[in-house]
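Coordinate inspection notes
Take a look at the letters that make up each chain.
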Amino acid sequence: MMGKVSTQWIFFTLFCITLGISCPQGWKKNYSRCYYFSTDELSWENAQQSCQNLGANLVTIDNADEHNYLWANKRGEHSLWIGLYDRDQEGTFVWVDGSPASYRSWHDGEPNSQNEDCGELRLSHNGQMNDYDCIETEFYICEKGVSCPQGWVEFNSRCHYFPTEQMSWDNAQESCQNMGSNLVTIDDLEEQNYLWTNGGLNNVWIGLNDRDEKGTFVWVDGSPFVYRFCICIYLLSPRLIRM
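A few points about the nonpolar core
Within the largest apolar cluster, 19 residues are counted, with the highest numbers of intra-cluster contacts made by Ile61, Leu70, Ile82, Leu84 and Met129. Of all the secondary-structure elements, those providing two or more residues to this core are β4 (33-37), α2 (64-72), β6 (80-85) and β10 (139-145). Apart from the residues lying within four places of it in its own chain, the contact partners of Ile82 are Trp44, Leu58, Val59, Ile61, Trp95, Gly119, Glu120, Leu121 and Met129. The next biggest cluster of nonpolar side chains, apart from the first, holds 18 residues, and it includes Cys23, Ala47, Val96 and Val146.

As for the pattern of salt bridges
Going through the model one piece at a time under the given rule, you end up with 7 salt bridges. One salt bridge in this structure joins Glu77 and Lys74, with 3.8 Å as the shortest N-O distance. Here the salt bridges do not stand alone but share partners, grouping Glu120, Arg122 and Glu138 into one network.

Overview of the side chain of Asp131
Within the secondary structure, Asp131 sits in strand β9 (residues 129-132). There is a polar contact of 3.1 Å between the side chain of Asp131 and the backbone nitrogen of Asn112. A distance of 3.3 Å separates a polar side-chain atom of Asp131 from the backbone nitrogen of Ser113. What Asp131 contacts, discounting residues up to four positions off in sequence, is Phe93, Trp106, Glu110, Pro111, Asn112, Ser113, Glu116 and Cys118.

Cut-offs applied
Per chain, residues are indexed from 1 in the order of the written sequence. Owing to the predicted nature of the model, reporting of local features is limited to residues with pLDDT of at least 70; listing and counting of side-chain atom pairs is limited to 80 or more, with chain, interface and lining totals taken over all residues. To get the side-chain values, take all heavy atoms of the structure and skip hydrogens and water. As used in this record, nonpolar core signifies buried Ala, Val, Leu, Ile, Met, Phe, Trp, Tyr and Cys residues forming a set joined through side-chain atoms within 4.5 Å. Residue burial is assigned from relative accessible area. The probe radius is 1.4 Å, only protein chains are included, and a residue is buried under 20% of its type maximum, exposed over 50%, and partly exposed in between. Runs of H or I in DSSP of at least four residues are treated as helices and runs of E of at least two as strands, each being numbered from the N terminus. In what follows, residue pairs with any heavy atoms lying within 4.5 Å of each other are defined as contacts. The salt bridge criterion pairs a side-chain nitrogen of Lys or Arg with a carboxyl oxygen of Asp or Glu, the two atoms within 4 Å. Two N or O atoms count as a polar contact when they lie within 3.5 Å, although within protein this holds only if one can serve as hydrogen donor and the other as acceptor, and sequence-adjacent residues are included solely when both atoms are side-chain atoms.

Honestly, it's all geometry; don't read function into it.
And the structure:
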């Protein structure tokens, strides 16, 4: 049977995790995607080039939630170019990343012209999709994925850092805070399995403690210890930091 020991003298590796992943200045974040709503009007081709210059593409729309988010966050009252076109094969619309347009929300009667090869969210159609002449100039939306700092790994819209050095729990938390983060909190079994798989299967510190009230475990960010399964890895888990 293992006796009681002070955490000040146990040295484990650790995990850090970010508070969340941000987008570049001037972009809007929704889940794990960053969106740029232009302030200039360009042709479809020039709009796509402008997005590529920003490390992005004209937006692809995967579902109704994303569609509604984009329309609700547009700048002003105007139509918007999106990354949809049928230039390669008339009538077969695809996204600029080459993926098929499985999500469609065309206005009634659209698409309707062989001379209109580019997709837009049409103001007069309350934001529904419409095909339009690609040489016309409109505002546009760029999209790219969020990115973590160098050396960090993204999972479920958060950045995780897996250090290699070992230290006490207090020093581990301080190390995370010096990077603008905390020792990891674990919200569900999926996250726990991810951390264990990617953490090298080592004993690691996580952001759980009962120092304020013995027997009442809380996370370092002050949130209650709701997800209970991870208690079994308090001394038997991989290293992790969360920002």
